[in-house]
Structures are given as C-alpha cells and as structure tokens.
Amino acid sequence: MEKMPFRAELDVQTFEAPAAGRTISSDWRQQLPVLTGRQVRLRELRASDAPALFALLTTDEVARFISPPPTTIEGFKRFIAWTLRQRSAGTYACFAVTVAGQDTAIGLFQVRETEPGFGTAEWGFAIGSPFWGMGLFQEGAELVLQFVFETLGAHRLEARAALRNGRGNGALRKIGAVQEGVLRRSFLRNGEYLDQALYAIVDDDWRASRSTAREHVTVVH
Ligand SMILES: CC(C)(COP(=O)(O)OP(=O)(O)OC[C@H]1O[C@@H](n2cnc3c(N)ncnc32)[C@H](O)[C@@H]1OP(=O)(O)O)[C@@H](O)C(=O)NCCC(=O)NCCS
C-alpha cells in the first residue's frame, strides 16, 4: 500500500490495450465482481462508503506506514470516484472489504497494473484496526489473489511494506508472499525516507500452494 495511489490528484485517464497473447476477462471493467468468502465479502466501492472509510483508515495506527489517506470525507468521495474511473479504464481495481451479512466498508484492497494488460501488478490493502487479527485479511487476500491470477491473468503480484510495519510484513508472509529484497530509503513518510521490503507472489507458486492445500483436505466418506 505504501506506494499505492490514495489520492484523486494522481488521476490518469489513459488506456493501454492488453499485451498480445494475454487472455483477460473484460467484465470487471464494467463492474467489479462481488467476491464472497465465509467471513468477508469484497465489492465495488460506492460514494456512500466515504464516511466509514474516513473513520477507519485515517487513524494513526492504520495510516502511519501507508500513503497518506484523504483527510476528509469529501476527499474519500473523490478517491472513490477516481477508483471507478481507473477501473473503467482497465488499469486498476479497488475492492471494499465488508463483513459477511453487513454492508459497511471496513477496509480496501487495491490492485494496479505495473505493466500494460496486468501481466505484472502491485497490490495494497488496509483494514480498520478493530478488525485486525480476525482472519478477515487472509480470507480477503485469498479472494483478491484468485481475482488477480485468474480474472486479470497476472503472472506476478508485487507488494511493498515498510520494514518497520511489522503487521504488514507478517500479513504478507502468512499468505505466501516472498520477500525479494529491500528498497532502501524508498518511501517518504512524515518527512523521513523509510526502507521497504519488496514482496512478490508469482502465479505458479500460487497455483501450487492451492493444489497442496487441496491435497491436505481429508475427504470423509
Ligand atoms: C495489513 C493489514 C491489512 C493486515 O490485517 P491483520 O488483520 O492485521 O492481519 P493478520 O492479523 O491476519 O496478520 C498479521 C500477522 O502479522 C503478525 N504480526 C503482528 N505484529 C507483528 C510484528 N511486529 N512483526 C512481525 N509480525 C507481526 C501477526 O501475528 C499476524 O500473523 P499470525 O496471524 O500468523 O499471528 C492490517 O494490519 C492493516 O490494515 N494495517 C495498516 C495498513 C497497512 O499497513 N497496510 C500495508 C501493509 S503492506
């Protein structure tokens, strides 16, 4: 999330055609699919999510290691409108995290292409701190990984986490992201350049971990 867009002024209205040979589902550009797990439901953002996201994502413990979130409800509304324009352009997707059975947005997962056609992509995420440590992140992340590798057709998904962000690094590791290096003094936050870890998940590893998980399921007849 560190270098993920969180500001409407970063708006870019360009559209890149997918690289030749890549099969990409185009439906998500019209409207993001609803991704449903046991505890979480991920859906497209709406302007009405702005007050809840403002309340949950602007606290110091959530925001201290990520790109500064909007500082007003209006700012979140502009950010949400920007996410919808970028989704229509096919370069970016942002899911609201909701708890199954409720519709309040309690967090976000963002994915942006870093290569035209989403061959490679970067993601970021933030969840309101009252919802940390409950398994919501992991379940939401698994739904987003399936969207990224199967619907977008990406082969590599990167993330950056400030080294000081213990929870962010722990969260990435537990879903199978591999730390590939350290980007020294690469993230300016509160007037200080922080080191970031670069993580990646590649499609082959993701598919292999899913089939291993399936092999470990005991079938009872
Ligand atoms: C990142 C985020 C979405 C993860 O959600 P979460 O519910 O806190 O994640 P989880 O509790 O499932 O996983 C965090 C893991 O980090 C571990 N952890 C916590 N503090 C840690 C630390 N200081 N050092 C190392 N690991 C730590 C936790 O023990 C947990 O692992 P476990 O479940 O195996 O015990 C959430 O913490 C958040 O929104 N943080 C603020 C925004 C942010 O930093 N986003 C960018 C991340 S790169």
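Residue indices follow the written sequence of each chain, beginning from 1 at its first position. Since the coordinates come from a predicted model, pLDDT governs what is reported: local features require at least 70, and pairs of side-chain atoms require 80 or more to be given and counted, while whole-chain, interface and lining totals use all residues. Just so you know, side-chain values use all the structure's heavy atoms and leave hydrogens and water out.

This next bit is on the overall build of the chain. Summing up its helical and strand segments, the chain has 7 helices and 8 strands in all. Every one of the 221 residues in the chain was classed for burial, and the buried ones make up 48%. Should any heavy atoms of two residues lie within 4.5 Å, those residues are counted as being in contact. Taking the contacts inside the chain whose residues are at least 6 apart along the sequence as the reference set, 68% of them involve residues at least 24 apart. Where helices and strands are cited, they refer to DSSP runs of H or I of at least four residues and of E of at least two residues respectively, numbered from the N terminus. Each residue is assigned to one of three classes by its accessible area relative to the maximum for its type, calculated with a 1.4 Å probe on protein chains only: buried under 20%, partly exposed between the two thresholds, exposed over 50%.

Among the 7 residues in strand β4 (residues 107-113), 6 count as buried, and that is most of the element. The pairing of strand β3 (residues 92-99) with β4 spans 6 bridges and is classified as antiparallel. Its bridge partner being in β4, Ala 93 is matched across the sheet by Val 111. Where β4 meets strand β5 (residues 120-127), 7 bridges bridge the pair, whose relative direction is antiparallel. Following the sheet pairing, Val 111 is matched in β5 by Trp 123. The criterion for strand pairing is that DSSP finds at least two bridges linking the strands in question. Turn length for the β4-β5 hairpin, with the two strands adjacent in sequence and antiparallel, is 6 residues, and the turn residue Gly 117 shows positive phi of about 85 degrees.

With that settled, the discussion passes to the packing of helix α2 (residues 50-57) against helix α4 (residues 73-89). Between α2 and α4, the least distance of the axes is 8 Å, while the angle of their chain directions is 115 degrees. The angle between α2 and α4 falls in the class roughly perpendicular. In the packing of α2 onto α4, the handedness of the crossing is right-handed. On α4, the residues that touch Ala 50, Pro 51, Leu 53, Phe 54 and Leu 57 of α2 are Ile 73, Phe 76, Lys 77 and Ile 80. Tallied by class, the residues present in the contact of α2 with α4 amount to 8 nonpolar, no polar and 1 charged. Axis lines are fitted to C-alpha atoms, over the contacting stretch for helices. Their N-to-C directions set the angle, which ranges from 0 to 180 degrees. To sort the angles, those under 35 degrees are grouped as roughly parallel, those over 145 as roughly antiparallel, those from 65 to 115 as roughly perpendicular, and the leftovers as oblique. A crossing counts as left-handed when the near helix is turned anticlockwise from the far one by less than a right angle, and as right-handed when that turn is clockwise. Note on residue categories: nonpolar means Ala, Val, Leu, Ile, Met, Phe, Trp, Tyr, Cys or Pro, charged means Asp, Glu, Lys or Arg, and polar means any other residue, Gly included.

What follows covers the site of the ligand. Around the ligand lies a shell of 19 residues, among which Phe 125, Ile 127, Asn 165, Arg 167 and Lys 174 are the nearest. Pairs of N or O atoms are called polar contacts if they sit within 3.5 Å, as long as, within protein, a hydrogen donor faces a hydrogen acceptor (for residues adjacent in sequence, only side-chain-to-side-chain pairs). Within the backbone of Phe 125, a nitrogen or oxygen atom sits 2.8 Å from a nitrogen atom of the ligand. Gly 133 places a polar main-chain atom, nitrogen or oxygen, 2.9 Å from an oxygen atom of the ligand. Contact with the protein chains removes 71% of the 940 Å² of surface that the ligand exposes when unbound. Mapped by element, the contributors of at least two residues to the shell around the ligand are β5, β6 (156-162) and α6 (166-174). At 6 residues, the largest contribution of residues to the shell around the ligand is made by α6. For the shell around the ligand, the per-class residue count stands at 10 nonpolar, 5 polar and 4 charged. Whether a residue is near a molecule or strand is decided by its heavy atoms; if any one of them lies within 4 Å of it, the residue is near. Calculation of accessible area relied on Shrake-Rupley with a 1.4 Å probe; when residues are assessed, cover is drawn exclusively from the protein chains displayed.

Okay, the pairing of strand β7 (residues 178-189) next. Alignment of β7 against strand β8 (residues 192-202), held across 8 bridges, turns out to be antiparallel. In the sheet register, Val 178 faces β8, and the bridge partner there is Ala 200. Between the antiparallel neighbours β7 and β8 lie 2 residues, among them Asn 190 with a positive phi of about 50 degrees.

So, on to the sheet that holds β4. Each strand in a sheet pairs with its neighbour through backbone hydrogen bonds, running either in the same direction (parallel) or in the opposite one (antiparallel). Strand order in the open sheet formed by 8 strands is β1-β2-β3-β4-β5-β6-β8-β7, and the pairing between neighbours is mixed. Each end of this open sheet is capped by a strand with a single partner; those strands are β1 (35-36) and β7. Pairing between β6 and β8: 7 bridges, direction antiparallel. When the bridges of β8 are listed, Arg 156 appears paired with Val 202.

Turning our eyes to something else, we now look at the packing of helix α5 (residues 136-151) against helix α7 (residues 203-215). Put simply, α5 and α7 touch, their axes get as near as 11 Å, and they point 125 degrees apart. On the basis of the axis angle, α5 is oblique to α7. Taken as a pair, α5 and α7 cross one another with a handedness that is left-handed. Here α5 contributes Leu 145, Gln 146, Phe 149 and Glu 150 to the contact with α7, which in turn contributes Asp 203, Trp 206, Arg 207 and Arg 210. Of the residues contributing to the contact of α5 with α7, the split by class is 3 nonpolar, 1 polar and 4 charged.

Taken by themselves, the reported measurements are silent on function.
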